[in-house]
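Here are the chains, one letter per residue:
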Amino acid sequence: LADIEARYERYRQLTDAMARKQAYHEIDSVSQIAARYFIPNEYDKLMSTIGAQGTNAYTSNDVTCYTEDIPSNEIDNWAKIQSDRFQNMVIRGFHTELEAVYEEYNIYLTDDNDKLWSAIGKKLTPTHPYGTQTTIGTQNHLKNPSITNIKNYFRKWYVPNNMAICMAGDFDPDQVVAIIDKYFGTMQPGQDVSQPIFPAQPVLTSPSDTSIVGQQAAFVCVAWRGEKAASLQSDTLDVISSMLSNGRAGLFDTNLNQPMKVMAAQAFCQTQQDYSSFVLYGVPRQGQTLEEVKELKPKSKYVILKNVYDSISEPTYVSRFTAEDLHLATRQGIIDKHVMAQGGISLENINEIKQFGFGGVVIRGDLWKRFNIHRGYDFKDLIAHFRKLRQITE
């Protein structure tokens, strides 16, 4: 592992393309040897033995967060594992994980929502890191990784005076605090965990527009810069956003979404450490109607009817049909074995799809949510779920 770390440090200093290619080939060769001592998905397997679910992690503009859903009778084992994890980091499988991050970066480049947030950051906070850089970084960062820098970052920031352990559920608080103190109490505080302070952002005096070009459905977004998350203004904006859209009785819900005047309309407050943003989000009404399906059927072997239910992977893609609409379309012969249902399809609603008379289903989000790009090496659960889907559709 030390040899791999040293090789990466030399590699990132090289500028000649052929020299870099040779150095990376050598890193790959040494990594193959190190892989003999690396157990794929070791952490996930360990957490599975104590019944943990939802094992994941994410990094936002302000925090890095690690999540677990654990049985209340396994808190002691959980704490024992986590305290060792956050005190004794050993970087194994770095070569493989780097490739996974590369893939995530490629997904980021083609995702319109990611491009949207990058554009909003540049407009609202042009000289703050919220606007000058993205969380995932640039391709150049990924091309020049440093295990040494990662270790230095870990030693500086992964310390108790820069961490929070947040737990909720059915447990005895006094017992849990005692367990956490038992396993985390020996951690030494960091010497300098002061947060960087950035210059105040320029006053926004007039609207500023920009456009994002991509492959996803068209949408519009209007954003205002707000104060930091801890401010009274941020709380006020949260209340206002709930008045506008709360999924049931907000002004956007009753006046735009429920009458289907738009595909989707939403308001929310994106709270962050230094600056927040109040955002209005809208998707124009587009896509197929049942009449269009009727017209397409004679020309096609199969027709896909989208947004039958609210999308699982795309929250802005909401259904435009009621159950009554679909039953009527079935009685009228619009929906039959040549029409495939897409949008929000899962094990829970496939039987209803059959009752509507669809000839089949197109499943995306229900499968995609079961695959994690960072640890997606074991496909057994995904394959098992796919078999259940196939069985219920037969």
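Shown above is the structure to which this text applies.
Notes on the structure follow. (Residues numbered from 1 in each chain as written. Predicted model: local features only at pLDDT ≥ 70, side-chain atom pairs only at ≥ 80, totals over all residues. Heavy atoms only, no water.)

Here we come to the pairing of strand β2 (residues 64–69). Where strand β1 (residues 53–59) and β2 come together, five bridges link them in antiparallel fashion. Across the sheet, residue Asn-56 finds its bridge partner in β2, namely Thr-67. Where β1 hands over to β2, the hairpin turn is made up of four residues, counted between the paired strands. (Pairing = 2+ DSSP bridges. Helix = DSSP H or I, 4+ residues; strand = E, 2+ residues; numbered from the N terminus.)

Time to look at the packing of helix α3 (residues 42–49) against helix α4 (residues 75–85). Running from amino to carboxyl end, α3 crosses α4 at an angle of 160 degrees, the nearest separation of the two axes being 10 Å. Between α3 and α4, the interaxial angle falls into the category roughly antiparallel. For the crossing formed where α3 meets α4, the hand is left-handed. Listed contacts from α4 to Tyr-43, Leu-46 and Met-47 of α3 are Trp-78, Ile-81, Gln-82 and Arg-85. Looking at the contact of α3 with α4 residue by residue, the classes come out as five nonpolar, one polar and one charged. (Axes fitted to C-alpha atoms, helices over the stretch in contact; angles between N-to-C directions. Parallel < 35°, antiparallel > 145°, perpendicular 65-115°, else oblique. Left-handed = near helix turned anticlockwise from the far one by under 90°. Contact = heavy atoms within 4.5 Å. Nonpolar A, V, L, I, M, F, W, Y, C, P; charged D, E, K, R; others polar.)

What follows concerns unusual backbone geometry. Although it is not a glycine, Asn-41 sits at a positive phi angle of roughly 60 degrees. Relative to the helices and strands, Asn-41 resides in the loop between α2 (17–34) and α3. Phi is positive for Asn-307, close to 55 degrees, though the residue is something other than glycine. Position of Asn-307 relative to the elements: it lies in the loop between β6 (303–305) and α14 (323–331).

Here the focus is helix α10 (residues 173–184). In this model, α10 (twelve residues) spans 16 Å end to end at C-alpha, consistent with the 16 Å of a helix rising 1.5 Å per residue. All of the buried residues in α10 are Val-176, Ile-179, Ile-180, Tyr-183 and Phe-184. Down the axis of α10, the buried set is contained in an arc of 105 degrees. They therefore lie on one face. Across from the buried face of α10, at angles greater than 90 degrees, the exposed residues are Asp-174, Gln-175, Val-177, Asp-181 and Lys-182. Buried-residue contacts for α10 involve α4. Regarding α10, its N-cap is Asp-172, as a side-chain oxygen of that residue lies 2.9 Å from the backbone nitrogen of Asp-174 further along. (Expected span 1.5 Å × (residues − 1). Buried < 20%, exposed > 50% of the residue type's maximum accessible area, 1.4 Å probe, protein only. Arc of directions from axis to C-beta. Polar contact = N/O pair within 3.5 Å; in protein donor to acceptor, adjacent residues only side chain to side chain.)

What follows deals with the nonpolar core. Among the nonpolar cores identified, the biggest contains 17 residues, and Leu-305, Val-308, Leu-326, Ile-353 and Phe-358 are the most heavily contacted of them. Elements with a minimum of two residues in this core: α14, β7 (339–342) and α15 (350–356). Counting residues per element, this core draws most heavily on α15, which supplies three residues. (Core = buried A, V, L, I, M, F, W, Y, C linked by side-chain atoms within 4.5 Å.)

It is worth spelling out the pairing of strand β4 (residues 264–270) at this point. Burial within β4 is extensive, with five of its seven residues counted as buried. Looking at chain direction, β4 and strand β5 (residues 276–283) are connected through seven bridges and run antiparallel. Residue pairing for β5: Ala-265 is matched across the bridge by Gly-282. Counted between consecutive antiparallel strands, the loop separating β4 from β5 contains five residues.

Before going further, it helps to examine the sheet that holds strand β8 (residues 360–362). Judged by pairing direction, the sheet is parallel, and its three strands sit side by side in the order β6-β7-β8 without closing on themselves. Of all strands in the sheet, those with a lone pairing partner are β6 and β8, marking the two edges. The sheet shows a mean angle of 35 degrees between the axes of neighbouring strands, taken without regard to direction. Bridge analysis of β6 against β7 gives three bridges, and the strand direction is parallel.

Looking now at the environment of Gln-82. Among the secondary structure elements, Gln-82 is positioned in helix α4. Each C-alpha atom of the pair Gln-82 and Gly-282 lies 41 Å from the other, and the pair is 200 residues apart in sequence. In contact with Gln-82, other than residues within four places in its own chain, are Tyr-43, Met-47, Glu-68 and Phe-184.

Right, let's talk about the packing of aromatic side chains for a bit. Going through the model one piece at a time under the given rule, you end up with eleven aromatic pairs. On the basis of an interplanar angle of 45 degrees and a centroid distance of 5.4 Å, the ring pair of Tyr-11 and Tyr-24 is categorised as tilted. Taken together, the positions of Tyr-11 in helix α1 (residues 2–11) and Tyr-24 in helix α2 put the pair 13 residues apart, joining distant regions of the chain. Ring centres of Phe-154 and Tyr-158 lie 4.8 Å apart, and the angle between their planes is 25 degrees; this geometry places the pair in the stacked category. By relative accessible area, Phe-154 is classed as buried at 11%. Ring-pair connections join several aromatic residues into one group, and the members of that group are Tyr-66, Phe-86, Phe-154 and Tyr-158. In this arrangement the basic side chain of Arg-20 is found over the ring face of Tyr-11, its NZ or CZ atom lying 4.3 Å from the centre. (Phe/Tyr/Trp six-rings, centres within 6.5 Å; stacked < 30°, edge-to-face > 60°. Lys NZ or Arg CZ within 6 Å of the ring centre and 35° of its normal.)

This next bit is on the side chain of Asn-307. For Asn-307, a relative accessible area of 12% gives the class buried. When residues no more than four places from it in sequence are discounted, the contact partners of Asn-307 are Met-263, Tyr-317, Val-318, Ser-319, Arg-320, Phe-321, Gln-342 and Gly-343.

Let us now look at the state of the cysteines. All told, the structure shown has zero disulfides when counted by the stated rule. Left unpaired, Cys-221 is separated from the closest cysteine sulfur, that of Cys-269, by 13 Å. (Disulfide = S-S within 2.5 Å.)

Here we come to the sheet that holds β5. The antiparallel open sheet is built from three strands, whose spatial order is β3-β5-β4. Each of the sheet's edge strands pairs with one partner strand only, and the pair in question is β3 (220–226) and β4. Along the sheet, successive strands turn relative to each other by an average axial angle of 10 degrees, direction set aside. Pairing analysis gives seven bridges linking β3 to β5, with the strands arranged antiparallel. Note on β5: the bridge partner recorded for Ala-223 is Val-279. Helix α6 (residues 112–124) contacts β3, β4 and β5 of the sheet and is inclined by roughly 40 degrees relative to β3. This element, helix α11 (residues 232–244), spans β3, β4 and β5 of the sheet and lies at about 165 degrees to β4.

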